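# Topology and contacts: notes
Each chain, written out:
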Amino acid sequence: MAQGIITHNPHSTASIAGHPVHAMLIPFPIAFFVATFVCDLIFWRTGNTAWVTGTLWLLGAGLVMAALAALAGLADVLGDAQIRNLQDVWLHAGGNVLVVLIELYNWYSRYAYAETAVVPIGLLLSLIVVLILLFTGWKGWGMVYRHHVGVADESDEAR
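A short tour of the structure in this document, coming up. Everything quoted here is computed from the prediction, not taken from an experiment. (Residues numbered from 1 in each chain as written. Predicted model: local features only at pLDDT ≥ 70, side-chain atom pairs only at ≥ 80, totals over all residues. Heavy atoms only, no water.)

## Digging into the layout of surface pockets
Roughly 1000 Å³ of volume is contained in the largest pocket. What lines the largest pocket is a set of 39 residues, and nearest its centre among them are H22, I26, H92, N96 and M143. Of all elements in the fold, only α1 (21–25), α2 (27–46), α3 (50–79), α5 (87–113) and α6 (118–145) reach the threshold of two or more residues within the lining of the largest pocket. Looking at the lining of the largest pocket, its residues break down into 29 nonpolar, nine polar and one charged. (1 Å grid on protein atoms, 1.4 Å probe; cavity = no way out; pocket = protein on both sides within 12 Å on 5 of 7 lines; lining within 4 Å. Points joined across faces, edges and corners; volume = space filled by probe spheres on them. Helix = DSSP H or I, 4+ residues; strand = E, 2+ residues; numbered from the N terminus. Nonpolar A, V, L, I, M, F, W, Y, C, P; charged D, E, K, R; others polar.)

In structure tokens:
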């Protein structure tokens with residue numbers, strides 16, 4: 001092998017017992033933000049304001065978990081040059097920053113204006129977030145499956 005060539009997979013700097021923390025945390029904000037969209041649809045069809053209260057909690061929990069996932073993801077990006085050099089990383093991260101900004105506004109508007117903030121603007125924002133999450137999730141899985149980010153091969157484990 002030529003000297004200076006990196007032969008190991010990009011590794012996760014933020015990991016517990018070899019398991020990437022980012023990958024453990026990201027399902028939570030995704031679930032909370034998708035559930036917000038579902039609750040918005042139910043509120044739109046039923047008019048029951050309990051669904052709006054639920055979305056305020058879902059958005060708040062999603063924002064907290066997104067911040068934790070972002071910190072773990074940032075540690076991974078800063079900790080491995082191979083990760084930083086992937087274009088998909090920047091599309092994934094940028095899209096997720098956009099998601100957090102949209103949902104922060106979505107949370108604040110619901111907090112300030114209650115159910116009047118949901119239809120149509122809150123519902124539309126929730127839909128946009130779900131669509132962005134589909135894109136950023138696609139990019140995230142591409143990093144794992146195509147670029148093997150955070151994947152430990154047998155040769156890596158034997159070191």
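## Some points on the pattern of salt bridges
By the definition in use, this model includes three salt bridges. Among the ionic pairs, D88 bridges to K139, the shortest N-O distance being 3.2 Å. Here D88 is found in helix α5, whereas its partner K139 is found in helix α6, with 51 residues between them in sequence. Note on accessibility: D88 and K139 belong to one class, buried. D88 gets classed as buried once you look at its relative accessible area, which sits at 9%. When salt bridges with common partners are traced through the structure, they connect D88, K139 and R146 into a single cluster. (Salt bridge = Lys/Arg side-chain N within 4 Å of Asp/Glu carboxyl O. Buried < 20%, exposed > 50% of the residue type's maximum accessible area, 1.4 Å probe, protein only.)

## Overview of the packing of α3 against α5
Contact pair α3 / α5: the axes reach a minimum separation of 10 Å and the direction vectors enclose 155 degrees. With respect to their mutual orientation, α3 and α5 come out roughly antiparallel. Considering how the two elements wind past one another, α3 and α5 form a crossing that is left-handed. Between α3, through T55, L56, L59, G60, L63, A66 and V77, and α5, the contact on the second element is made entirely by V89, W90, V100, E103, L104, N106, W107, R110 and Y111. Class assignment of the residues belonging to the contact of α3 with α5 gives a composition of eleven nonpolar, three polar and two charged. (Axes fitted to C-alpha atoms, helices over the stretch in contact; angles between N-to-C directions. Parallel < 35°, antiparallel > 145°, perpendicular 65-115°, else oblique. Left-handed = near helix turned anticlockwise from the far one by under 90°. Contact = heavy atoms within 4.5 Å.)

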